[in-house]
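Below are the chains, spelled out letter by letter.
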Amino acid sequence: MEFYYHAKQSAFWNPIPLSLKNAETYKKYSSILEINILKYITLRRIANAAKVVSSFIASITLRKPIVWGMPISYSVEPTNHCNLQCPECPSGLGALTRPLGLLKLEDFKSFVDQIKHDGFYVQLYFQGEPYINKNLPGMIEYAQKNNIYISVSTNGLLVSEKNIDNILESAPDKLIFSIDGLDEETYQNYRVGGTFKDADSGLKLLLKRKKELKKKKPFVELQFIVMKQNEHQIDDVLKYGEDAGVDKVVLKTMQVSSYENALHFLPSNKKYRRYIVEDGKIRIKNKLRNHCFALWRTSVITWDGKVVPCCFDKDANYELGKLSSLSFKEIWTSEGYTDFRKGVLDNRTGLSMCTNCTEGLKINILQIEN
Ligand code: SF4
């Protein structure tokens, strides 16, 4: 089992060491390779990845956007409906101004057909609870048939005796299970509308049935957002994960959108924060450089086919095109996308969304060490 402290939805991160008193206990777990990368390698995908990296380097050197490759990874939103009302989530709070809905299986298949040659990793989540969409198993199966690695992030509250075998039959390669408290008080502090009892039994049912059916998938990652109300449970969550039998525990820094929520939620231990909080304001700890690799390596698709630059654009305020009228490649290489990249290269802090973002920073990950 491995333990990391990192930012939301970042597949590329650099761990910062964090010492915890129980860390020694977990060293007995051997490191589990999360992705069998060899399975997904094709010459075309390697060539594409090389183009992505080299064009990004050329862009930051010449200070103008040059794009030679297609995204390596994507986030696709099965739905923006949610069964919880988490205080920092616009989806659960009903604060999204964009319509609510469910991604159609046919639309997902058409998208996969467009990106499968160059891309190899799809996160089937963005806003909302993915398992609300009954077509999720069909999407997972279709993407896996096309040799695409799939991860799903869930609050786990829809996992039940009734559907567990179906979930495992069409299991994603990785299933992220979010539990942010180990008792009702800490859990319900943030996961409003859910209970620790249900989340805990969902996780344990999944792990038990996976073992009984001798399934290799999914790789199960337990995620825990560190807040003032649960920071005393960091050591305990490692033990909880070990006892439950998950493959990995990840401790996440919390993203907040206001000074008031920062005061309410951010941990007392400043090492677990991504922000400096002072003078009635919040700001990301590190200097924000005028570039963003996310705009070269990944892209985000909402349930109704809007392409947005990254997972920080929760309400699709920076829509760059719609898959109902253009191909993904047309949108990716469009003037609008190029202008957006240029805006970040010129002045990242000029875009308010980009000032509350950890892309390219090393403040967001803590790897537990002895
Ligand atoms: S918020 Fe801005 S800097 Fe951050 S990942 Fe999105 S586009 Fe890049």
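Residues numbered from 1 in each chain as written. Predicted model: local features only at pLDDT ≥ 70, side-chain atom pairs only at ≥ 80, totals over all residues.

### A look at the overall build of the protein chain
Condition: Only DSSP runs of H or I reaching four residues or more are called helices, and only runs of E reaching two or more are called strands; each is numbered from the N terminus. As a rule, residues whose C-beta atom has 12 or fewer other C-beta atoms within 10 Å are exposed, those with 20 or more are buried, and those in between are partly exposed; C-beta atoms are placed from the backbone. We call two residues in contact whenever the C-beta atoms placed from their backbones are within 7 Å.
When its secondary structure is counted, the protein chain shows 14 helices and 14 strands. In the protein chain, which comprises 370 residues, the proportion classed as buried is 40%. For the protein chain, restricting intrachain contacts to residue pairs at least 6 apart in sequence, the fraction spanning at least 24 positions comes to 72%.

### Notes on the pairing of strand β3 (residues 73–76)
Which entries qualify depends on this criterion: Here, a strand pair is defined by DSSP locating no fewer than two bridges between the strands.
Residues S73 and S75 point to one face of β3 and Y74 and V76 to the other, with burial holding for every one of them. Where β3 meets strand β4 (residues 121–123), 3 bridges bridge the pair, whose relative direction is parallel. Looking at β4, one finds that S75 is bridged to Q123. Sheet topology note: the β3/strand β11 (residues 298–301) ladder contains 4 bridges and is parallel.

### Some points on the nonpolar core
To keep it simple, the criterion reads: Linking buried Ala, Val, Leu, Ile, Met, Phe, Trp, Tyr and Cys residues through C-beta atoms within 7 Å yields a set, and such a set is a nonpolar core.
By size, the foremost hydrophobic cluster in this structure holds 78 residues, and its most contacted members are V122, L124, I150, F224 and V226. With residues near it in sequence (within four places) discarded, L124 still touches V76, P78, P130, L136, M139, I140, I150, V152 and P172.

### Concerning the packing of helix α4 (residues 105–115) against helix α5 (residues 136–145)
Helix-helix packing is described using two parameters, namely the angle between the two axes and the distance between the axes. Keep this limit in mind: Between N-to-C directions, angles cover 0 to 180 degrees, with each direction set by a line fitted to C-alpha atoms, over the stretch in contact for helices. Any angle that falls under 35 degrees is termed roughly parallel, while one over 145 is termed roughly antiparallel, one within 65 to 115 roughly perpendicular, and all others oblique. Handedness of each helix crossing follows the sense of rotation of the near helix against the far helix: counterclockwise by less than a right angle gives left-handed, clockwise gives right-handed.
Between α4 and α5, the shortest axis-to-axis distance is 10 Å and the interhelical angle comes to 20 degrees. Between α4 and α5, the angle is such that the two are roughly parallel. Where α4 crosses over α5, the handedness of that crossing is right-handed. Residues L105, F108, K109 and V112 of α4 form the contact with α5, whose own contacting residues are G138, M139, Y142 and A143.

### Thoughts on the environment of I234
Position of I234 among the secondary structure elements: in helix α9 (residues 234–244). When the 23 C-beta atoms within 10 Å are taken as the criterion, I234 is described as buried. Distance in space between the C-alpha atoms of I234 and L251 is 8.0 Å, their sequence separation being 17 residues.

### Considerations on the site of the ligand
Note the following rule: In this analysis a residue is considered near a molecule or strand if the C-beta atom, reconstructed from its backbone, is found within 6 Å of that molecule or strand. Note on residue categories: nonpolar means Ala, Val, Leu, Ile, Met, Phe, Trp, Tyr, Cys or Pro, charged means Asp, Glu, Lys or Arg, and polar means any other residue, Gly included.
Residues in close proximity to the ligand total 13 residues, the closest being C292, C310, C354, C357 and E359. Of all the secondary structure elements, the ones that give two or more residues to the shell around the ligand are α11 (294–297) and α14 (352–355). Grouping the constituent residues of the shell around the ligand by class yields 11 nonpolar, no polar and 2 charged.

### Observations regarding unusual backbone geometry
Here the bond from K217 into P218 is cis, since omega is 0 degrees, no more than 30 degrees from zero. Take P218: it is sitting in the loop between α8 (196–212) and β7 (219–225). Even without being glycine, R63 reaches a positive phi, approximately 60 degrees. Not every positive phi belongs to a glycine, and D279 is a case in point at roughly 50 degrees. Residue D279 is classed as exposed on the basis of its 8 C-beta neighbours within 10 Å.

### Topic: the environment of D183
Mapped onto the elements of the fold, D183 is located in the loop between β6 (174–178) and α7 (184–190). Once the C-alpha coordinates of D183 and F196 are considered, the two residues, 13 residues apart in sequence, prove to be 6.0 Å apart.

### Things to note about α5
Basically, it comes down to this: Each direction from the helix axis to a C-beta atom contributes to the arc, which is the arc of those directions.
Restricting attention to buried positions, one finds in α5 the residues L136, M139, I140 and A143. Down the axis of α5, the smallest arc covering the buried residues is 100 degrees, so these residues share one side. Packed against the buried residues of α5 are α4, β4 and β5 (149–154). Positive backbone phi, at 60 degrees, marks N147, one or two positions downstream of α5.

### What to know about the confidence of the model for the protein chain
Going by this rule: Here pLDDT means the predictor's own confidence in every residue, given as a number from 0 to 100.
Looking at the protein chain as a whole, the pLDDT averages 90, with 89% of positions reaching at least 70. Confidence drops under pLDDT 50 across residues 2–17; counting only partners more than four residues distant or on other chains, this segment forms 49 contacts.

### A word on the pairing of strand β10 (residues 281–284)
Sheet topology places strand β9 (residues 275–278) next to β10; 4 bridges connect them, and they run antiparallel. Bridge pairing in β10 links I276 to R283. Here β9 folds back onto β10 in antiparallel fashion, the turn holding 2 residues, of which D279 has a positive phi close to 50 degrees.

### Focus on helix α3 (residues 43–62)
Test applied: By this rule the span expected of a helix is its residue count minus one, scaled by 1.5 Å.
Over its 20 residues, α3 runs 28 Å from end to end, which matches the ideal 28 Å to within 8%, given 1.5 Å per residue. Within α3, the full set of buried residues consists of N48, V52, F56 and S59. All buried residues of α3 lie within an arc of 70 degrees about the axis, which places them on one face of the element. Among the exposed residues of α3, those oriented more than 90 degrees off its buried face are L43, I46, A50, T61 and L62. Buried positions along α3 lie against α11 and α13 (335–347). Looking one or two places after α3, you find R63, whose phi comes out positive at around 60 degrees.

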